[in-house]
Number of protein chains: 2
Amino acid sequence: MLQTRIIQPAEGAYQYPLLIKRLLMSGGRYEKTREIVYRDQIRLTYPQLSERIARLANVLTEAGVKAGDTVAVMDWDSHRYLECMFAIPMIGAVVHTINVRLSPEQILYTMNHAEDRFVLVNSDFIGLYQAIAGQLTTVQGTVLLTDGPDKSADLPGLQGEYEQLLAAASPHYDFPDFDENSVATTFYTTGTTGNPKGVYFTHRQLVLHTLAETSVLGSLDSVRLLSSNDVYMPITPMFHVHAWGIPYAATMMGIKQVYPGRYEPDMLIRLWREEKVTFSHCVPTILQMLLNCPSAAGQDFGGWKIIIGGSALNRALYQAALARGIQLTAAYGMSETCPLISAAHLNDELQAGSEDERTSYRIKAGVPVPLVEAAIVDGNGNFLPADGETQGELVLRAPWLTMGYFREPEKGEELWQGGWLHTGDVATLDGMGFIDIRDRIKDVIKTGGEWISSLDLEDLVSRHPAVREVAVVGVPDPQWGERPFALLVVREGQSIDARALKEHLKPFVEQGHINKWAIPSQIALVTEIPKTSVGKLDKKRIRVDISQWQASNSAFLSTL
Amino acid sequence: MLQTRIIQPAEGAYQYPLLIKRLLMSGGRYEKTREIVYRDQIRLTYPQLSERIARLANVLTEAGVKAGDTVAVMDWDSHRYLECMFAIPMIGAVVHTINVRLSPEQILYTMNHAEDRFVLVNSDFIGLYQAIAGQLTTVQGTVLLTDGPDKSADLPGLQGEYEQLLAAASPHYDFPDFDENSVATTFYTTGTTGNPKGVYFTHRQLVLHTLAETSVLGSLDSVRLLSSNDVYMPITPMFHVHAWGIPYAATMMGIKQVYPGRYEPDMLIRLWREEKVTFSHCVPTILQMLLNCPSAAGQDFGGWKIIIGGSALNRALYQAALARGIQLTAAYGMSETCPLISAAHLNDELQAGSEDERTSYRIKAGVPVPLVEAAIVDGNGNFLPADGETQGELVLRAPWLTMGYFREPEKGEELWQGGWLHTGDVATLDGMGFIDIRDRIKDVIKTGGEWISSLDLEDLVSRHPAVREVAVVGVPDPQWGERPFALLVVREGQSIDARALKEHLKPFVEQGHINKWAIPSQIALVTEIPKTSVGKLDKKRIRVDISQWQASNSAFLSTL
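Under an unreviewed UniProt entry, chain A has the name Fatty acid--CoA ligase and belongs to Pseudomonas soli. Within the UniProt record for chain A, the comment given under Sequence similarities (unreviewed entry) is "Belongs to the ATP-dependent AMP-binding enzyme family."

*Asks:* I'd like a rundown of the overall build of chain A, residues and numbers included.
*Replies:* Along its length, chain A carries 17 helices and 27 strands. Relative to the 2.2 N^0.38 estimate, which gives 24 Å for 560 residues, the radius of gyration of chain A is 24 Å and therefore close to what a compact globule would have. Going through the 560 residues of chain A one by one, you find that 62% of them count as buried. The long-range share in chain A, meaning contacts at least 24 apart out of those at least 6 apart in sequence, stands at 68%. Summing over all exposed atoms, chain A offers an accessible surface of approximately 20300 Å²; the carbon and sulfur share of this is 48%. Placing the 50 positive and 65 negative side-chain charges of chain A at their respective mean positions leaves the two points 2 Å apart.

*Asks:* Explain a negative patch on the surface residue by residue, including any values.
*Replies:* Together, E11 of chain A together with E410, E413 and E414 of chain B line one region of the surface with negative charge. In this fold, E413 of chain B is placed in helix α14 (residues 409-415).

*Asks:* Lay out the interface of chain B and chain A in plain terms, naming residues and giving numbers.
*Replies:* Contacts between chain B and chain A engage 93 residues on the former and 93 residues on the latter. Carbon and sulfur atoms make up 58% of the surface buried where chain B meets chain A, a total of about 7400 Å² over both sides. There are six salt bridges connecting chain B and chain A. The partner of R22 of chain B in a salt bridge is E373 of chain A, and the shortest N-O contact between them spans 2.6 Å. At the junction of chain B with chain A, the criterion picks out 26 residue pairs in polar contact (both at pLDDT 80 or more). Taken together, the elements giving at least two residues each to the side of chain B that touches chain A come down to α1 (21-30), α7 (203-219), α8 (246-253), α12 (348-351), β16 (367-368) and α14 of chain B. It is α7 of chain B that provides the largest number of residues to the side of chain B that touches chain A, a total of nine residues. Here the side of chain B that touches chain A is built from residues that sort into 45 nonpolar, 29 polar and 19 charged.

*Asks:* Explain the relation of the copies chain B and chain A residue by residue, including any values.
*Replies:* The two copies are related by a screw operation: chain B maps onto chain A through 180° of rotation and 0.0 Å of translation along the axis, at an RMSD of 0.1 Å. Accordingly, the operation relating the two chain copies is best matched by a two-fold axis. In this assembly the copies share their binding face: 100% of the residues contributing to the interface of chain B also contribute to that of chain A.

*Asks:* Just give me the short version of the sheet that holds strand β5 (residues 116-122) of chain B, but keep the residues and values in it.
*Replies:* All names here are of chain B. Pairing in this open sheet of seven strands is mixed, and the strands run β7-β6-β5-β3-β4-β8-β9 from one edge to the other. The sheet is open, and its two edges are formed by β7 (158-161) and β9 (197-202), each paired on a single side. With strand direction ignored, the average angle separating the axes of adjacent strands in the sheet is 20°. The pairing of β5 with strand β6 (residues 141-145) spans five bridges and is classified as parallel. Residue pairing across strands places N122 opposite L145, the latter belonging to β6. Most of the contacts of helix α5 (residues 126-133) go to β5, to which it runs at about 150°, and overall it touches β3 (70-74), β5 and β6.

*Asks:* Let's hear about the sheet that holds strand β4 (residues 94-97) of chain A: which residues, and what values?
*Replies:* All names here are of chain A. Reading across from one edge, β7-β6-β5-β3-β4-β8-β9 is the order of the seven strands in this open sheet, with mixed pairing throughout. For this open sheet the edge positions go to β7 (158-161) and β9 (197-202), each flanked by a neighbour on one side alone. Neighbour to neighbour, the strand axes of the sheet diverge by 20° on average, direction disregarded. Helix-sheet contacts for helix α5 (residues 126-133) involve β3 (70-74), β5 (116-122) and β6 (141-145), and the interaxial angle to β5 is about 150°.

*Asks:* Tell me about the pattern of salt bridges, residues and numbers included.
*Replies:* Residue and element names in this part refer to chain A. What the rule picks out here adds up to 60 salt bridges over all chains. Between R80 and D147 there is a salt bridge; the shortest N-O distance is 2.9 Å. A residue pair is termed long-range when its members are at least 10 positions apart, and R80 in helix α3 (residues 79-90) and D147 in the loop between β6 and β7 qualify at 67 residues. Using a relative accessible area of 36% as the deciding quantity, one classes D147 as partly exposed. As a salt-bridge pair, D425 and R440 come within 2.8 Å of each other at their nearest N and O atoms. Remark: R440 occurs in strand β21 (residues 435-440) and D425 occurs in strand β20 (residues 420-429); sequence separation between them is 15 residues.

*Asks:* Describe α8 of chain B, listing the residues and the values that go with them.
*Replies:* Residue and element names in this part refer to chain B. Extensive coverage of α8 is indicated by the burial of eight of its eight residues. Turning to α8, its buried residues are I246, P247, Y248, A249, A250, T251, M252 and M253. Downstream of α8 by a residue or two, G254 has a phi angle that is positive, lying close to 70°.

*Asks:* Describe helix α17 (residues 539-552) of chain A, with residues and values.
*Replies:* Residue and element names in this part refer to chain A. The end-to-end C-alpha distance of α17, which contains 14 residues, comes to 20 Å, matching closely the 20 Å that a straight helix rising 1.5 Å per residue would cover. Looking at α17, one finds that the buried residues are K539, I542, D545, I546 and W549. Take α17 and look down its axis: the buried residues cluster within an arc of 110°, on one side only. Pointing more than 90 degrees away from the buried face of α17 are the exposed residues A551 and S552. In this structure, the buried side of α17 is in contact with α15 (454-462), β24 (467-477), β25 (481-490), β26 (522-525) and β27 (557-559). Directly beyond the C-terminal end of α17, a positive phi value near 50° is found at N553.

*Asks:* Mind laying out the packing of α7 of chain B against α8 of chain B, listing which residues take part and the relevant values?
*Replies:* Residue and element names in this part refer to chain B. In contact at an axis separation of 9 Å, α7 and α8 are set at 75° when each is read in the N-to-C sense. When the axis of α7 is compared with that of α8, the two are roughly perpendicular. Across the interface between the two elements, L206, T210, L211, E213, T214 and L217 from α7 touch I246, Y248, A249, M252 and M253 from α8. In the contact of α7 with α8, the residues fall into eight nonpolar, two polar and one charged.

*Asks:* Outline the state of the cysteines, listing residues and values.
*Replies:* A disulfide bridge is the covalent bond that connects two cysteines by way of their sulfur atoms. Residues and elements named next belong to chain A. The tally for this structure, following the rule as stated, stands at zero disulfides over all chains. Free cysteine C84: the closest other cysteine sulfur is in C338, separated by 18 Å. Summary of cysteine pairing: C282 is not part of a disulfide, and the nearest cysteine sulfur, belonging to C293, is at 12 Å.

*Asks:* Got a sec to walk through the pairing of β3 of chain B? Specific residues and values, please.
*Replies:* Residues and elements named next belong to chain B. In terms of residue burial, β3 counts as a mostly covered element, since five of its five residues are buried. Alignment of β3 against strand β4 (residues 94-97), held across four bridges, turns out to be parallel. By the bridge assignment for β4, V73 is matched with T97. On the question of chirality, the crossover connecting β3 to the parallel β4 by way of helix α3 (residues 79-90) is right-handed. Where β3 lies against β5, five bridges are found, and the strand directions are parallel. Across the sheet, V71 pairs through a bridge with F118, a residue of β5.

Rules used in this analysis
Residue positions are given per chain, counting from 1 as you read along its sequence in written order. Lettering of chains starts at A and numbering of ligands starts at 1, both following the order in which they are written. For this predicted model, a pLDDT threshold of at least 70 governs which residues receive local features, and a threshold of 80 or more governs which side-chain atom pairs are given and counted, while totals over whole chains, interfaces and linings are taken from all residues. Processing note: side-chain calculations cover all non-hydrogen atoms of the structure and skip hydrogens and water entirely. UniProt positions are given in the numbering used here, feature names are shortened, and annotations may be inferred rather than shown by experiment. Secondary structure elements are taken from DSSP: a helix is a run of H or I of four residues or more, a strand is a run of E of two residues or more, and numbering for both begins at the N terminus. Just to be clear, the radius of gyration here is over C-alpha atoms, and the globule rule we use is 2.2 Å times residues to the power 0.38. The rule is simple: take the accessible area with a 1.4 Å probe, protein chains only, and divide by the maximum for that residue type; under 20% is buried, over 50% is exposed, in between is partly exposed. Only heavy atoms enter the contact rule, under which two residues are in contact if any of them lie within 4.5 Å. Residue exposure ignores everything except the shown protein chains as possible cover, and the areas themselves are Shrake-Rupley values with a 1.4 Å probe. Only four residue types enter the tally: Lys and Arg on the positive side, Asp and Glu on the negative side, with His and both chain ends excluded. Each charge is placed at NZ for Lys, CZ for Arg, CG for Asp and CD for Glu. The patch calculation keeps residues exceeding 30% relative accessible area without a salt bridge and links them within 9 Å when they carry like charges or within 5 Å when they are nonpolar (Val, Leu, Ile, Met, Phe, Trp, Tyr). Should a side-chain nitrogen of Lys or Arg be within 4 Å of a carboxyl oxygen of Asp or Glu, the pair is scored as a salt bridge. The quantity reported as buried area is the accessible area (1.4 Å probe) lost by two parts once they are put together, taken as the sum for both. Counted as a polar contact is a pair of N or O atoms within 3.5 Å, where, for protein atoms, one must be capable of donating a hydrogen and the other of accepting one, and residues adjacent in sequence contribute only when both atoms are in side chains. Note on residue classes: Ala, Val, Leu, Ile, Met, Phe, Trp, Tyr, Cys and Pro are nonpolar, Asp, Glu, Lys and Arg are charged, and everything else, Gly too, is polar. In this comparison the copies share one frame, found by least squares on the C-alpha atoms of residues holding pLDDT of at least 70 in both. Two strands pair if DSSP finds at least two bridges between them. Helix axes use the C-alpha atoms of the stretch in contact, all axes being lines fitted to C-alpha atoms, and the angles between their N-to-C directions lie in the range 0 to 180 degrees. Given the number of residues in a helix, its expected span is that number minus one, multiplied by 1.5 Å. The directions from the helix axis to the C-beta atoms form the arc being described. Oblique is the label for every angle not falling under 35 degrees (roughly parallel), over 145 degrees (roughly antiparallel), or within 65 to 115 degrees (roughly perpendicular). The disulfide criterion used throughout: a pair of cysteine sulfur atoms within 2.5 Å. Orient the strands so they point away from the viewer, and a crossover whose first-strand-to-second-strand path over the helix runs clockwise is right-handed.

This is the structure we're talking about:
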């Protein structure tokens, strides 16, 4: 290490640790009247939010929760979740945001693996909780979260109902200082192979992520994506990578926040209208669902800015949203990255481009946000050129990446190689720093000595007028290694078979967009494509389905 | 310390230090065509800036500068200064930004005290440098900075001229990682008593300051004060608290930057017009000078956003600027605070107020920016209520405050008491967190058992139609302890004496605004009021002048 000048602080100087409590302080003191809204049921002001966080801290402390303990939350998006995201870390404990869409076995696994000491359970999940309670190895107490009138529940170790406990607790809590490298949050990735893996983030990481996020959303680009006058409603669950960190950012800025509970399209549209929501984030499939839901029919969503992440944003959805008044901006991140890595901001050159060119960039993963360093590497870890064409695995450095997987050092070493976090995504980088995600490494189809991006192929297949939805995976092939296989949902009243798809793809081969190995020799027509708990194509499940269909020579299949 | 959960990073994980080099990375890769402009002489793109920073790092390294060394800069605001603010800290050295408006004796003192090893000297300061060179105890080499054709100068230890050295150096430098708590910058406060004191800031502090500054300027308030589409020109010197940190922020965001060299009103106005400047910062006296300069006559400055700090912003200047199209926002900070502490953002309640009410808040010191904690205390360090009325010394916590004074631990202990930085400013805090600076503690006039704010009194005196400028200080009085004394500059063709001033102030006494002790019993009519090197009223000098005038019974004086 270089011998730089380091000076001992003066006697009495305050060495400021970056703690989550500091985010709460800022918004609360400034905007006294702005509200945190929960469905059509609860409205809190910022001072009330701060007071409830202190009360919750007292409830937990009195229930025996200590610094270093892990406290789990099973709830839909709510003001209560926001309170937990502050109060639990602020007493030095770790909040485990349980992915309630995992299977009961997976939830049980994650709770035991995370060593949860205490659980806050929404009444919707009591049945699920009861079913696994007998096998939980570390939980010592529970709290009931409920919107209904019944404040009791048959939960082992129940301390009481949330609102009743808060009402009885002291409204004052002297939140202590501690090491900024203390773990604040943990949650489990919805890995497509093996058990879920626990990522974790420290106070320092979350404070830095919040500052960089507000900085980039407020300052970069001609579109001011986030200002303190916006009204925020998440449409990505709070259990999923801190709802992309926006609840922390919105609280720091004192922004009005609207929490929709369970994601019901009618409620989302109603809250959007009544609370005048201007800023959200979601994955493409959820946006698609929203635009198509009956209560949104004919609705002009003018002024709604939505960040899209989780999966690639395609041009058709971008344009469909724009036609309804929604300004979409793509962003990129993953569970391991807190999550914000890049956002599709347009620089001067791009803003001067045609609408078509601008769209091409607005739907890419975008440019790394401040402090993030991105590169692409080959299989041996050699850096590859940022020429917009060469594909390689995207690797990252940033101050807010998980430093490993909880209690699985060997998986942490796989994630981190040579000081770079390996994303498992194949990407190109261009001269402006734009990241373009081409595929997951494990979804790339290796055929005839070539790599074919399953995403590219899905894009081309989706241009066929009969195709409503598509997933392409590689399936084992004795001659070619792998061959692409397409799973299709056909539009009502239309049809397609493997031969028609080949005809559709031929021009792209002739134009050099894809090579001839990229034409699927087998397709399946299905009514629905399997998705993961966070709405992504579940390619692991799709591969299993395909092998079963192939074994049984299912009627779904159409072969060249 | 609380026993929180701290997890050892995975093998191979990159533990990201917050280093200044990371700020450079972001803007440069994104905006390839935006420029850094120096007067009408130099235009650089961001990639060129990055390359020149690497070249400068090589020049310094080859000249023998090592990590931990201090490298001083004596220059007007320039692209060169920006390059130094990056290159010097990025090699692990400390950049000392010399206040060229100090006296030669003070400059000599600061250079020896800071242990400067190396100095970059603008040709305008060669005479000054030569005069002190013989007494410099640590300097080993110099570099000439010049805009002119003559690339030689009689400077001891001269390595060469900046541009020639850069041209000959390698354009590549592998900037190392090191401890984020390494000192990056130092400069000396223009204290009104005793020797200048050296404050210092670490890489971590500057990165956090930059993130918080861009976050607050971009996201907070209905006015978007800073976006990447702005064009930035400083009108506060770069040697003065990093030009309020904006050069770092602008570089991180890839914003076009315009450096005006020495502050000549004609050049400033010309650059504003030709480069389409939209964002600046300055002290009130400089803005006043700008608005009144001949080349600004009749000019509509529509779209120019200016942050005002350094001294209190008065309503008259705010309105005069607004009438010319300039949107002013007050901010507060000091040399010890990096500097940004607060900005006068309006929340929902205030934005709904009348224009008069909005103005009252736009000219206050403002609301603490994210992560800053502010309080007021009495002389014993007891916290006082934030009721908008109680006055106390403003004390601060933030992640970017100087941790002491360089090589003067006892002065550091005075600055830091009980874990709070003591600003020496008297302020009120209100329920929204608004800070209203009332005076410097040492400028408060203690008379008849009461404290009178010299700023309040200056505001009331300035409302007299004959008064163009005013300074009020307390002078020793055997009966009352101190009595207020007013120094006035009278408008052309007008006059005033102590009796007329008393008549003017009487109604304010009757309305209870001030007590009767606040009426000055003696005033002096002068043609100019002494100011410090950064344009503030020089009350130390004023007190000396007054005692001389009183001793000689000068004709300037008018007594009740």
